[in-house]
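Descriptive analysis of the structure
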Amino acid sequence: MLFDPGNDNNCIMLEDSQDFEAERARMLAQQIVDRGIHDARLLSAMSDVPRHRFVEGLYQKLAYTDAPLPIPAQQTISQPYIVAYMILELKLEPDDIVLEVGTGSGYAAAILSLLVKKVITIERHGRLVDFAQGRLAQLGYKNVEIVQGDGTLGHPACAPYNGIMVSAGGPKIPPALQNQLAIGGRLIMPVGRNRRRQQLSRVTRMGEGEFEQKSLGPVAFVPLIGREGWRSTSG
Ligand code: SAH
């Protein structure tokens, strides 16, 4: 059928036929590989996870753009590149157990689940727990456990963790999270005194009481709200 600009049906046809797989491949090439990330396991996981299924309505059309996008409860799904960068810095192995703080849509948890044995992910908003749970179940990610609560306290029941990925920004590294790291394990978190602008920080547990911290550059995440994070939802 020829494209007829005067016919509204053309637009509907174009929308319906949006090729998410091709967009995802382009996202990987342009936003991830071209920026220097070549880890084969990570690229394969990211090419498997349908980001458009972790956003709603009109945002699905924008799912493979180079940006964070709104999800329920005034939160955001992180930009694909930042998810890739954080996961890469965790240096994960297939037998690892990982803790994520800030499940949000469940997108990062889905990628992590393809890279390690078990993912525990904590979310404070019940609405997002349901949102992520539904999507992860529909898509068949089975090694992810979602816990509702304050992730600044971690999840001692399954500690120690080989990797901890904090997907929201706080004023300092919560001590409970550091202490739930395995020796040799890594924690990645946006840290800063401004609620909306942080430095991405990496902590490596070198020994029982020995931690090495490195700053990886400026980022902008939603605030980490909790006992060892920011106190309220204002600002
Ligand atoms: N990783 C997510 C994006 C997370 S946005 C994704 O892939 O979609 C950050 C999330 O952290 C938000 O959903 C927010 O509700 C949550 N959050 C903020 N403070 C928290 C806390 N103390 N414990 C658990 N979740 C928290």
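Structure shown above.
Notes on the structure follow. Computed from a predicted model, the values in this text were never measured in an experiment.

Structural notes on the site of the ligand
Not every one of the 26 residues close to the ligand is listed here, only the nearest: E100, S105, E123, G151 and I225. The side chain of D150 places a nitrogen or oxygen atom 3.0 Å from a nitrogen atom of the ligand. Burial of the ligand by the protein chains amounts to 99% of its free accessible area of 580 Å². Those elements that provide at least two residues to the shell around the ligand are strand 2 (75–77), helix 5 (107–113) and strand 4 (118–123). Here the shell around the ligand is composed, by residue class, of 10 nonpolar, 12 polar and four charged.

As for the packing of helix 2 (residues 20–33) against helix 4 (residues 80–90)
At a minimum axis separation of 9 Å, helix 2 and helix 4 run at an interaxial angle of 60°. Here helix 2 runs over helix 4; the crossing is right-handed. Across from M27, Q31 and I32 in helix 2, the residues of helix 4 making contact are P80, Y81 and A84. A breakdown of the residues in the contact of helix 2 with helix 4 according to their chemical character gives five nonpolar, one polar and no charged.

Description of the packing of aromatic side chains
Here a ring pair, both rings aromatic, is described through the centre-centre distance and the interplanar angle of the planes. Per the stated rule, a full pass over the model turns up three aromatic pairs. Measuring from ring centre to ring centre gives 5.9 Å for F54 and Y107, while their planes differ by 65°; the resulting arrangement is edge-to-face. Of this pair, F54 sits in the loop between helix 3 (40–48) and strand 1 (69–71) while Y107 sits in helix 5, placing them 53 residues apart in sequence. In terms of burial, F54 and Y107 fall into one category: buried. A cation over an aromatic ring shows up here: R35 above the ring of Y81, its NZ or CZ 5.2 Å from the ring centre. Between the NZ or CZ atom of R135 and the centre of the ring of F131, over which it lies, the distance is 3.6 Å.

Concerning the sheet that holds strand 9 (residues 210–219)
Read from one edge to the other, the open sheet built from seven strands follows the order 5-4-3-6-7-8-9, with strand pairing classed as mixed. In the strand order of this sheet, the two ends are held by strand 5 (144–148) and strand 9, each with one partner. Pairs of neighbouring strands in the sheet enclose a mean axial angle of 15°, with direction left out of account. Most of the contacts of helix 4 go to strand 6 (residues 161–166), to which it runs at about 155°, and overall it touches strand 6, strand 7 (181–191), strand 8 (198–207) and strand 9.

Calculation notes
Residues numbered from 1 in each chain as written. Predicted model: local features only at pLDDT ≥ 70, side-chain atom pairs only at ≥ 80, totals over all residues. Heavy atoms only, no water. Near = heavy atom within 4 Å. Polar contact = N/O pair within 3.5 Å; in protein donor to acceptor, adjacent residues only side chain to side chain. Areas by Shrake-Rupley, 256 points an atom, 1.4 Å probe, with all protein chains shown as cover. Helix = DSSP H or I, 4+ residues; strand = E, 2+ residues; numbered from the N terminus. Nonpolar A, V, L, I, M, F, W, Y, C, P; charged D, E, K, R; others polar. Axes fitted to C-alpha atoms, helices over the stretch in contact; angles between N-to-C directions. Left-handed = near helix turned anticlockwise from the far one by under 90°. Contact = heavy atoms within 4.5 Å. Phe/Tyr/Trp six-rings, centres within 6.5 Å; stacked < 30°, edge-to-face > 60°. Buried < 20%, exposed > 50% of the residue type's maximum accessible area, 1.4 Å probe, protein only. Lys NZ or Arg CZ within 6 Å of the ring centre and 35° of its normal. Pairing = 2+ DSSP bridges.

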